[in-house]
Amino acid sequence: MHSNPQQPPHGYPPPYPQTVVVQKKGGGCLKALLIGGAVLMGLIVLGTALKSGGQNDTRAGLTETPEHTTQTDKPRKPQTPALGDVVKDGKFAFKVSKVEKGLSQVGEGFTVSKAQGQYVLIHLTVKNIGDEAQMFSDSAQKLIDAKGRTFDADSGAAALGLKGSNAFLNNINPGNSVNGILLFDVPKDVKLKAVELHDSLFSDGVTVSLAR
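(A) Geometry of the overall build of the protein. Each helix and strand counted, the protein has 2 helices and 10 strands in total. Each helix and strand of the protein, ordered N terminal to C terminal, gives the series α-β-β-β-β-β-β-α-β-β-β-β. The long-range fraction of contacts in the protein, counting pairs at least 24 apart against all pairs at least 6 apart in sequence, stands at 66%. Carbon and sulfur atoms form 56% of the exposed surface of the protein, whose accessible area is close to 15,500 Å².

(B) Region of the structure containing the packing of aromatic side chains. Applying the stated rule across the entire model yields 3 aromatic pairs. When the ring of F92 is compared with that of F94, the centres are 6.0 Å apart and the planes differ by 80 degrees; the resulting orientation is edge-to-face. Take F94: its relative accessible area is 1%, and that puts it in the buried class. Note on F92 and F136: the rings are 6.0 Å apart at their centroids and 70 degrees apart in plane angle, and the pair reads as edge-to-face. Here F136 lies in strand β4 (residues 134-136) and F92 lies in strand β2 (residues 92-106), a separation of 44 residues in the sequence. Here the two residues F92 and F136 agree in accessibility, since each one is buried. Aromatic ring contacts, followed pair by pair, group F92, F94 and F136 into a single cluster.

(C) A look at the sheet that holds strand β6 (residues 150-152). Strand order in the open sheet made by the 4 strands is β6-β5-β9-β10, with antiparallel pairing throughout. Each having just a single partner strand, β6 and β10 (206-209) make up the two edges of the open sheet. Strand-to-strand, the axes of this sheet are offset by a mean angle of 30 degrees, without reference to chain direction. In terms of strand pairing, strand β5 (residues 142-145) meets strand β9 (residues 192-197) through 4 bridges, oriented antiparallel. Paired with D145 across the strands is L192, a residue of β9.

(D) Structural detail: the sheet that holds strand β3 (residues 113-128). Taken in spatial order, the 4 strands make up an open sheet running β1-β2-β3-β8, and their pairing is antiparallel. For this open sheet the edge positions go to β1 (86-89) and β8 (177-186), each flanked by a neighbour on one side alone. Neighbour-to-neighbour, the strand axes of the sheet open up by a mean angle of 40 degrees, direction not taken into account. Relative to β8, β3 is paired through 10 bridges, and the arrangement is antiparallel. Among the inter-strand pairings, H123 is bridged to a residue of β8, identified as I181.

(E) Molecular detail of the side chain of S113. Within the fold, S113 resides in strand β3. Not counting residues up to four positions away in its chain, the partners in contact with S113 are S104, Q105, V106, Y119 and A157.

(F) The nonpolar core, seen in detail. Counting 26 residues, the largest nonpolar core has F94, I122, L143, L182 and L197 as the members making the most contacts within it. Those elements that place two or more of their residues in this core are β2, β3, β8, β9 and β10. With 9 residues, the next largest nonpolar core counts V106, L121, A157 and A158 among its residues.

Definitions and limits used
- Residues numbered from 1 in each chain as written.
- Predicted model: local features only at pLDDT ≥ 70, side-chain atom pairs only at ≥ 80, totals over all residues.
- Heavy atoms only, no water.
- Helix = DSSP H or I, 4+ residues; strand = E, 2+ residues; numbered from the N terminus.
- Contact = heavy atoms within 4.5 Å.
- Areas by Shrake-Rupley, 256 points an atom, 1.4 Å probe, with all protein chains shown as cover.
- Phe/Tyr/Trp six-rings, centres within 6.5 Å; stacked < 30°, edge-to-face > 60°.
- Buried < 20%, exposed > 50% of the residue type's maximum accessible area, 1.4 Å probe, protein only.
- Pairing = 2+ DSSP bridges.
- Axes fitted to C-alpha atoms, helices over the stretch in contact; angles between N-to-C directions.
- Core = buried A, V, L, I, M, F, W, Y, C linked by side-chain atoms within 4.5 Å.

This is the structure we're talking about:
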């Protein structure tokens, strides 16, 4: 009597099942190669898109910079000349060195002059920068207060009460300079803003700030 070869003898474990090896055809390798190529192409396209997006962001940031610069770098307004600055009008160059105010009178004895309000003295140097003589007159100069009011110089008081002012009808030759004092009679509560200097009655003039 023959025993079944598939049944193990009594007391022995059953044999392991036999592994069946199936050989893939050549088409499987080709399919795997195509899939790998498609994945590689996808990664390349994705990387290109990300790089392009980063460049766009960078360019967008660069385009914002000139706009920001345009807003912040606004042209500054030219500052008004002040004490110690040299300014020019026509044939004269002016330099205001000092301002005195609060004087009730100027001069002595028979030459004394009393102010209606207070006297303000503007000390300045005048130089002829032209090529011919030019007359400097204090009557061509103007004092301006904070309210925009304009005051004329007191030529009579300056001529009689101020020694060596050289501001009253002084003829200055080319290259020469003189020290002068402009005298103004203004209210006691006035707030000075500027003095307007001219080389003649008909010139445009130049403004020097007196505000402090």
